[in-house]
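# Structure at a glance
So the chains spell out like this:
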Amino acid sequence: DKTLHIVGGGMAGSEAAWQAARAGLDVVIHEMRPKVETFAHQTGNLAEMVCSNSFRSDDHEQNAVGLLHWEMRQAGSLLMQAATAHRLPAGGALAVDRDAFSAHVTETLRALPNVTVSSEEITALPDQGHWIIATGPLTSDALGRALQAETGTEALAFFDAIAPIVHHDSIDMGKAWLQSRYDKGETEAEQKAYINCPMTRDDYEAFIDALLAAEKTQFHEGETAGYFDGCLPIEVMAERGRETLRHGPMKPVGLTNPHQPDQKPYAVVQLRRDNALGTLYNIVGFQTKMKYGAQTEVFRRIPGLENAQFARLGGIHRNTFLNSPTLLDAQMRLRSRPHLRFAGQITGVEGYVESAAMGLVAGRLAVAEILGQPLPPVPQDSAHGALIHHITGGAEAKSFQPMNVNFGLFQPLTGLRGGRRGRKDRYKAYTDRAKAAWADWLAAQEEVIPA
Ligand code: FAD
């Protein structure tokens, strides 16, 4: 049977269905709404935007998410067509009329003779057939339990407790230094796995004041707060006592500042390497519900992070996602059940665009597999490939948290194109390289799925 079944008609599932249907496959979308609702969705439409109405920057030369837009458009993306058709004026961002957008996607898919939308909740993992599971951050409880039984409790998360992630090249190593606590680790690389930012007593007291004063976000109705054990937001720790952080994630023990060996820091903020490339570092233990603007302001008070550029800011919210680095292969299939492919936010990407992009690739990979027409791997130099590589292999499995697309996920430029050039030049070089790689990958499938 060559039918492709897709669970979830959200951002990822809708795009996957479109890509597969264009290749002539029969597609069934199993979507639980409107019968079963989530706390965030409002309608029974496919590809509903649950919160903001923006697909973020449309700049495909200087911005990684804009580059994803460009790549998706080249691949004939339905979601990009719908977004462009219902675009609202918003400067450089791609903002859309959300109702018109999801109506466009819903009507286009429903009108295709080879697409069926089946209104039902899938509650167990299917035993056979070709499947893409794209049930998103609010995957239903029954399916969540089935996934947990398959993958183990450690490998499926129901909450994000995201610590902010910083671009390595924006950290001031004249103030910070490399060292793991008590120089732990077998190799020199392990002994230098952390970046440390020292604080004097004054720095620390001012930092605590800023944390306490910062504006915080509230939980959505329907989001429980049962996650609290083990991942308290830093501002909640600070509320429990001014010294709590200094005895928790900011403890200054087992570390010596080589810039000031005689002066013991009063507190230390640690950053841990977040990807194999070493371009990204997360601030250890700094999950937070502070508003984004407040986070940037508060975290840039940390000595060494005055000019920090954030690949993503911290947060805590309901989000079902797999530990993809351990569970998925490079084709986004569950290693233990390769007839199940995953796409969208449940794979550990973050955002409407990233989710749709993972649907686009999963749809194409499923087509290739079902038609027996093997594809070359998704090129790592493309924005799609950089994301897939990160979630299925490049990210540290232990600290894995959902990720937005960003240039920190790209392989550094080498030779003449790399080196010490300005950020603008570097980003342009990344996007040029990505576009060429993506065009080659699409060309290899041209006969199966026309661009
Ligand atoms: P979804 O678009 O959620 O699609 C999943 C679909 O699967 C849903 O339609 C759901 O009804 C269905 N489903 C779930 N379980 C089952 C089942 N067992 N059987 C059948 N169907 C099922 N990203 C942004 O870029 N901007 C934002 O402003 C933003 N705000 C967000 C706000 C909230 C509250 C949440 C939870 C997430 C937000 N996100 C945002 C993150 C994320 O990008 C979006 O949730 C995005 O829609 C994810 O796409 P998806 O296809 O993976 O999941």
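For the structure itself, look to the data block above.
Rules behind the numbers
Residues numbered from 1 in each chain as written. Predicted model: local features only at pLDDT ≥ 70, side-chain atom pairs only at ≥ 80, totals over all residues. Heavy atoms only, no water. Near = heavy atom within 4 Å. Polar contact = N/O pair within 3.5 Å; in protein donor to acceptor, adjacent residues only side chain to side chain. Areas by Shrake-Rupley, 256 points an atom, 1.4 Å probe, with all protein chains shown as cover. Helix = DSSP H or I, 4+ residues; strand = E, 2+ residues; numbered from the N terminus. Nonpolar A, V, L, I, M, F, W, Y, C, P; charged D, E, K, R; others polar. Axes fitted to C-alpha atoms, helices over the stretch in contact; angles between N-to-C directions. Parallel < 35°, antiparallel > 145°, perpendicular 65-115°, else oblique. Contact = heavy atoms within 4.5 Å. Core = buried A, V, L, I, M, F, W, Y, C linked by side-chain atoms within 4.5 Å. Buried < 20%, exposed > 50% of the residue type's maximum accessible area, 1.4 Å probe, protein only. Pairing = 2+ DSSP bridges. Phe/Tyr/Trp six-rings, centres within 6.5 Å; stacked < 30°, edge-to-face > 60°. Salt bridge = Lys/Arg side-chain N within 4 Å of Asp/Glu carboxyl O.

Taken together, 32 residues lie around the ligand, and E31, R33, Q345, G351 and Y352 are the ones closest in. Within the side chain of H41, one N or O atom sits 3.5 Å away from an oxygen atom of the ligand. For the ligand, an oxygen atom lies 3.1 Å from a polar atom in the backbone of S52. Protein coverage of the free-state accessible area of the ligand, which is 970 Å², stands at 93%. Listing elements by their share of the shell around the ligand, those giving two or more residues are helix 1 (11–22), strand 2 (27–31) and helix 11 (352–370). By residue class, the composition of the shell around the ligand is 13 nonpolar, 15 polar and four charged.

On to the packing of helix 2 (residues 64–74) against helix 12 (residues 383–394). When two helices pack together, their arrangement is given by the angle between their axes and by how far apart the axes lie. Viewed as axis vectors pointing N to C, helix 2 and helix 12 meet at an angle of 115°, and their least axial separation amounts to 8 Å. Classified by the angle between their axes, helix 2 and helix 12 sit roughly perpendicular to one another. Contacts between helix 2 and helix 12 pair A64, L67, L68, E71 and M72 from the former with A383, H384 and L387 from the latter. Tallied by class, residues from the contact of helix 2 with helix 12 come to six nonpolar, one polar and one charged.

Moving on to the nonpolar core. By size, the foremost hydrophobic cluster in this structure holds 81 residues, and its most contacted members are F55, F101, V105, L109, V361, F410 and W438. Counting residues per element, this core draws most heavily on helix 11, which supplies 13 residues. Contacts of V105, omitting those with residues within four sequence positions, involve S14, L46, A47, L78, L79 and A82. With 35 residues, the next largest nonpolar core counts V166, F207, A267 and V298 among its residues.

Spatially, six strands are ordered 6-2-1-7-17-16 in an open sheet, and the strand pairing comes out mixed. On the outer flanks of this sheet lie strand 6 (115–119) and strand 16 (333–334), each paired with one strand and no other. Pairing of strand 1 (residues 4–7) with strand 7 (residues 130–133) involves four bridges; the strand directions are parallel. Across the sheet, residue V7 finds its bridge partner in strand 7, namely I133.

Turning to the packing of aromatic side chains, a few remarks are in order. Tallying each qualifying case throughout the model produces 13 aromatic pairs. Centre to centre, the rings of F410 and Y430 are 5.6 Å apart; their planes meet at 50°, and the pair counts as tilted. Placement of the pair is F410 in the loop between helix 12 and helix 13 (423–443) and Y430 in helix 13, with a sequence separation of 20 residues. With respect to class, F410 is no different from Y430; both count as buried. Put simply, the rings of F207, F286, F299 and F310 touch in pairs and so form one group of aromatic residues.

The subject of this paragraph is the sheet that holds strand 13 (residues 280–283). Here six strands make up an open sheet; going across it, the order is 10-11-12-13-9-14 and the pairing antiparallel. Edge strands, defined here as strands with exactly one partner in the open sheet, are strand 10 (177–178) and strand 14 (310–312). In terms of strand pairing, strand 11 (residues 194–199) meets strand 12 (residues 267–273) through six bridges, oriented antiparallel. When the sheet's bridge partners are listed, P198 is paired in strand 12 with V268. Sheet strands in contact with helix 7 (residues 201–213) are strand 11 and strand 12, and its direction is about 95° off that of strand 11.

Assignment of secondary structure puts I165 in strand 9 (residues 165–167). Sequence spacing of I165 and S14 is 151 residues, and the spatial spacing of their C-alpha atoms is 30 Å.

So, about the pattern of salt bridges. Following the criterion strictly, the structure yields 22 salt bridges and no others. For R318, the salt bridge is made with D141, and the minimal N-O distance between the two is 3.6 Å. Note that R318 is positioned in strand 15 (residues 315–322) and D141 in helix 5 (residues 141–151), a separation of 177 residues in sequence. Among the residues examined, R318 registers a relative accessible area of 16% and is labelled buried. Given a relative accessible area of 51%, D141 falls into the exposed group. Overlapping salt bridges, with partners in common, bring together D329, R333, R341 and E369 in one network.

The pairing of strand 7 with strand 17 (residues 337–342) spans three bridges and is classified as parallel. If you follow I133 over to strand 17, its bridge partner there is F342. Bridge count between strand 16 and strand 17: two bridges; the pairing is antiparallel. Pairing of R333 across the sheet is with R341, part of strand 17. As consecutive antiparallel partners, strand 16 and strand 17 are separated by two residues.

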